[in-house]
Amino acid sequence: MFRFWIYLPFHLLVAMCLCHSIKVPTSSQHSFKSDLFNCNHSLILADGKETTVHLLKDIPKRYCFILEKDRAPAPFTVTVTPCDVPIEWSILVHKASTNFLGKAAHGDYDTLEATKSQKIPKLVSMIFNYKGNSVETYMGMSSYSAFYMLEFLSIERDTHITVYLTTDTTSGHLYPELPIDPRIDVIGIGHATVTLAWKHSPSVLKHKENIQYCLLVNEKHNYKSLCAAETAIRSSGMKSPPALALSLFPYLLDHQQVMILSNSELSIINRVSNGEVRQICMGTKNTYTVPNLRPSTQYYFDVFVVNLLTNASAAYTGTFARTLEEPEPKVIELKVGKVIHLTLDGKKQKFYSLQYQARHKKIQFTFQSCSGQVGVQIARNGKVLASENIAGFRHFSLKGKLLDTYLVQLRSMDHTNSSVKVQVSSHFHKPFFPLLPESLKIKSFSKLRTCNSVTIAWLGTQEQSKYCVYKKRIKEDQVWMEVKSADRCSGPKSRHNSEKVLCKYFYDINLRRAVTTQTIKGLEAGTLYLFDVYLTGPSGIPVRYHSKVVKTRKKC
């Protein structure tokens, strides 16, 4: 049900009072008459303000107001917003003499008490009744002095509601207006996203700086008011800020809530037992793509247009959508000797699958992590044989039966993308990757360091291979980034010719003597240098040693 609001005029008196009867059914005219005089000790409702009413189960609560006739008919509206369970509420009207009600309305309670025993012309009738949990607005016209009673009843459990009464047709709207068509349209569905659109509120077009749209996403059901959504989140055991923290000054969140402020959008994610509830405020944009949803999951979407000055809101008609099923991960077939280079998505933490059917009993898997840390799992015929994280080179030598099926699963262990090269081989003596030394570390000799030269050393292998040395001048604040972002799979071709120091071949049958040193001259004093060594074997695939940062001496 749509809502709109106007304010009370000064030429009409609105008196609101609480009556403490607990055994009277809503539709009883007799009880209405008997409680007519119980309103004389109540408070006057402030002009144009929303009132929160707390209801106990099965105990009616009543409010009274008097509209005094002036020169023209008196229009008025009453809007009730249930904040939890369905309720029943009614409006009853009592017509009486102008003199009598005028005195009562102006506080002449002595006259009112003295008149209790007198016979007063009375006519009581119910003009409105509603049962449910929707936001309902009654619009009426009082052409005579009349006494009205509102009665509220909750039959499910204790709850609370909000009530707003106004007769002012000259002021602006307290609550934002909804468009003629208040539906939310689903214009796009993906595996992890849903795109929504809705028609602009007239209030946005008139008061853009004071109005914004806020979206509520959950996996349970739609909410007919912001009040109902806030109550539901609170009942899940969480500390929800008032009005779902949709104001410009959010309250502190607890450990089950995450707040994200990005691109002028405020997002609050609440962790609840049956999923999560997201609240996103996106200003005056009337389209939004909800990200990071789970595949094959039904979500419910509610849009509220919020007045930032009053924190009052109006609800669009909620909708729902089911995200698409995630496609089965594509399995890449491995072939003997062929190197596959994969980039792994770290944000989605997606698994990448590779499969190989053995043509030999003995096989070897080789992994070269080019960047980041990579999680590797190898299974044979459904049984996991190995599972570990790698950063660099790693060989797995396995023995099985002919036609065994091996499944390799890879994923990035970082929140950024990682890349890895994979090869399967059945010929251990002729691996596609070059033969590697025991360590890929580069060592520098501090005692041999001068103002213009540095001496480094690295291990070699029993196989004749080519080693190329490169240097790069860097600054102090570049060290971490240079080392962290280095592509371990890149070769000498990725470097500038000006960075090349030399290339040389060497090997030694005795691994203890398979070590070489190199003195790099022509350097600047007190300067940081990044040194890299590339090993290239017979197959032509380069392997990069771990970068080494060395600083020349300032004084010699």
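These numbers were taken from a predicted model, which means no experiment stands behind them. For every chain, the first residue of its written sequence is number 1, and the numbers climb from 1 along that sequence. At least 70 in pLDDT is required for a residue's local features to be given in this predicted model, at least 80 for side-chain atom pairs to be given and counted, and no such filter applies to totals for whole chains, interfaces and linings, which use all residues. Neither water nor hydrogens contribute to the side-chain values; these are computed over all heavy atoms in the structure.

Asker: Help me understand the pairing of strand 22 (residues 352-357), please; the structure alone is not making it clear to me.
Answerer: In the case of a regular strand, side chains alternate between the two sheet surfaces. Alignment of strand 20 (residues 331-333) against strand 22, held across three bridges, turns out to be parallel. Note that in strand 22 the partner of I332 across the bridge is L354. Paired strands are those between which DSSP finds at least two bridges. Only DSSP runs of H or I reaching four residues or more are called helices, and only runs of E reaching two or more are called strands; each is numbered from the N terminus. Sheet topology places strand 22 next to strand 27 (residues 405-412); six bridges connect them, and they run antiparallel. Note that in strand 27 the partner of S353 across the bridge is Q409.

Asker: How should I be thinking about the pattern of salt bridges in this particular structure?
Answerer: Where charged atoms from two side chains of opposite charge come close, those side chains can pair. A pairing counts as a salt bridge when a side-chain nitrogen of Lys or Arg comes within 4 Å of a carboxyl oxygen of Asp or Glu. What the rule picks out here adds up to 15 salt bridges. Here E151 makes a salt bridge to R62, at a shortest N to O gap of 2.2 Å. One end of the pair, E151, is in strand 8 (residues 146-153); the other, R62, is in strand 3 (residues 61-67), with 89 residues separating them in the sequence. With a closest N to O distance of 3.7 Å, R513 and D508 form a salt bridge.

Asker: Just to check I follow, could you spell out the side chain of S134 for this structure?
Answerer: Position of S134 relative to the elements: it lies in the loop between strand 6 (123-132) and strand 7 (136-142). Among the polar contacts made by the side chain of S134, one reaches the side chain of K224 at a distance of 3.0 Å. Leaving out residues up to four positions away in the same chain, S134 has contacts with V80, P82 and K224. Here a polar contact is recorded for every N or O atom pair within 3.5 Å, except that within protein the pair must consist of a potential hydrogen donor and a potential acceptor, and residues adjacent in sequence are included only if both atoms are side-chain atoms. Throughout, a contact is declared for two residues whenever any of their heavy atoms are within 4.5 Å.

Asker: Just checking my understanding: could you explain the packing of aromatic side chains for this structure?
Answerer: Given two aromatic rings, one states the distance between the centres and the angle between the planes to describe the pair. Only the six-membered ring of Trp is used, alongside the rings of Phe and Tyr, when aromatic pairs are assigned; centres must lie within 6.5 Å, and planes under 30 degrees apart are stacked while those over 60 apart are edge-to-face, with the rest tilted. Taken as a whole and judged by the stated rule, the model has 16 aromatic pairs. Geometrically, the ring pair formed by F76 and Y138 is tilted, given 5.9 Å between the ring centres and 50° between the ring planes. Here Y138 lies in strand 7 and F76 lies in strand 4 (residues 74-82), a separation of 62 residues in the sequence. Taken individually, F76 and Y138 each receive the classification buried, so the pair is uniform in this respect. For the exposure calls, accessible area comes from a 1.4 Å probe over protein chains only, and a residue counts as buried if that area is under 20% of its type's maximum, exposed if over 50%, partly exposed in between.

Asker: Hey, could you run me through a nonpolar patch on the surface in this one?
Answerer: To count toward a patch, a residue needs a relative accessible area over 30% and no salt bridge; like charges are then connected within 9 Å, while nonpolar side chains (Val, Leu, Ile, Met, Phe, Trp, Tyr) are connected within 5 Å. Throughout, the Shrake-Rupley method with a 1.4 Å probe supplies accessible areas, and for residues the shown protein chains are the sole cover considered. Taken together, the side chains of V186, I189 and L324 make up a nonpolar region of the molecular surface, amounting to roughly 210 Å² of accessible area. Assignment of secondary structure puts I189 in strand 10 (residues 184-189).

Asker: Sorry, what's going on with the sheet that holds strand 10 here?
Answerer: Note: strands within a sheet are paired through backbone hydrogen bonds, in either parallel or antiparallel orientation. Read from one edge of the open sheet, three strands run 10-11-16, paired in antiparallel fashion. Unpaired on one side and paired on the other, strand 10 and strand 16 (287-290) mark the two borders of the sheet. The sheet shows a mean angle of 25° between the axes of neighbouring strands, taken without regard to direction. Pairing analysis gives five bridges linking strand 10 to strand 11 (residues 194-198), with the strands arranged antiparallel. Its bridge partner being in strand 11, I184 is matched across the sheet by W198. A fitted line through C-alpha atoms serves as each axis, taken over the contacting stretch for helices, and the angle formed by two N-to-C directions is quoted from 0 to 180°.

Asker: Please clarify how unusual backbone geometry should be interpreted in this entry.
Answerer: Peptide bonds are mostly trans, and most non-glycine residues show a negative phi. Positioned with a positive phi, D58 is a non-glycine residue whose angle comes to about 65°. Residue classification places D58 among the partly exposed positions, given a relative accessible area of 44%. Phi is positive for L403, close to 70°, though the residue is something other than glycine. Mapped onto the fold, L403 is located in the loop between strand 26 (393-399) and strand 27. L403 gets classed as exposed once you look at its relative accessible area, which sits at 54%.

Asker: Please clarify how the state of the cysteines should be interpreted in this entry.
Answerer: Each disulfide is one covalent bond, formed between the sulfur atoms of two cysteines. Defined by distance alone, a disulfide is two cysteine sulfur atoms within 2.5 Å. Going through the model one piece at a time under the given rule, you end up with five disulfides. Here C214 is linked by a disulfide to C281, with a sulfur-sulfur distance of 2.1 Å. As the torsion about the S-S bond is roughly 105°, the C214-C281 disulfide counts as right-handed. Of the two residues, C214 is situated in strand 12 (residues 211-218) and C281 in strand 15 (residues 275-281); the sequence distance between them amounts to 67 residues. For the pair C214 and C281, one class covers both residues: buried.

Asker: Even after reading the chapter, I still don't get the nonpolar core, so can you show me in this structure?
Answerer: The tendency in soluble globular proteins is for nonpolar side chains to be buried side by side. Grouped together as the largest cluster of nonpolar side chains are 24 residues, with contacts concentrated most on L334, F365, F367, I378, Y406 and L410. Among the elements of the structure, strand 21 (340-344), strand 22, strand 23 (362-371), strand 24 (374-380), strand 25 (383-390), strand 26, strand 27 and strand 28 (418-425) are those that each provide at least two residues to this core. The contact partners of L334, leaving out residues within four places of it in the chain, are I340, L354, Q355, Y356, F365, V422 and V424. In this description, a nonpolar core means a group of buried Ala, Val, Leu, Ile, Met, Phe, Trp, Tyr and Cys residues linked to one another through side-chain atoms lying within 4.5 Å. If you look at the next biggest cluster of nonpolar residues, it comprises 22 residues, including V194, I211, V305 and A314.

Asker: Teacher, can you tell me more about the sheet that holds strand 24 here?
Answerer: On the basis of which strands lie adjacent, the open sheet formed by five strands has the order 20-22-27-24-25 and mixed pairing. Among the strands making up the open sheet, the edge pair consists of strand 20 and strand 25. Geometrically, the sheet is characterised by an average inter-axis angle of 20° between neighbouring strands, direction not taken into account. Of the strand pairs in this sheet, strand 24 and strand 25 are connected by seven bridges, and their pairing is antiparallel. Each bridged residue has a counterpart across the sheet, and for I378 the counterpart in strand 25 is A386.

Asker: Can you walk me through the environment of K348 in this structure?
Answerer: Note that K348 resides in the loop between strand 21 and strand 22. Separated by 68 residues in sequence, K348 and T416 place their C-alpha atoms 9.4 Å apart.

Asker: Just to check I follow, could you spell out the pairing of strand 17 (residues 298-307) for this structure?
Answerer: Across the 10 residues that make up strand 17, a large majority, nine, are buried. Here eight bridges tie strand 12 to strand 17, and the two strands are oriented antiparallel to one another. Within strand 17, the residue paired with L216 across the bridge is D302. Pairing of strand 17 with strand 18 (residues 313-315), which is carried by three bridges, proceeds in the antiparallel orientation. Looking at the pairing, V306 lines up with S313 of strand 18. Adjacent in sequence and paired antiparallel, strand 17 and strand 18 are bridged by five residues, among which N311 carries a positive phi angle near 65°.

Asker: I would appreciate a short explanation of the confidence of the model for the protein chain in the present structure.
Answerer: Interpreting fine coordinate detail is not advised for predicted regions of low pLDDT. Of all residues in the protein chain, 75% attain a pLDDT of 70 or more, and the chain-wide mean is 78. Looking across the protein chain, the model is least confident in strand 1 (residues 17-19), with a mean pLDDT of 35, and most confident in strand 11, with 97. Confidence scores labelled pLDDT are given residue by residue by the predictor and lie between 0 and 100. A low-confidence stretch, residues 97-121 (pLDDT under 50), is modelled with 28 contacts involving residues beyond four sequence positions or located in other chains. Ignoring residues within four places in sequence, the model shows residues 258-263, a span with pLDDT below 50, making 15 contacts including any to other chains.

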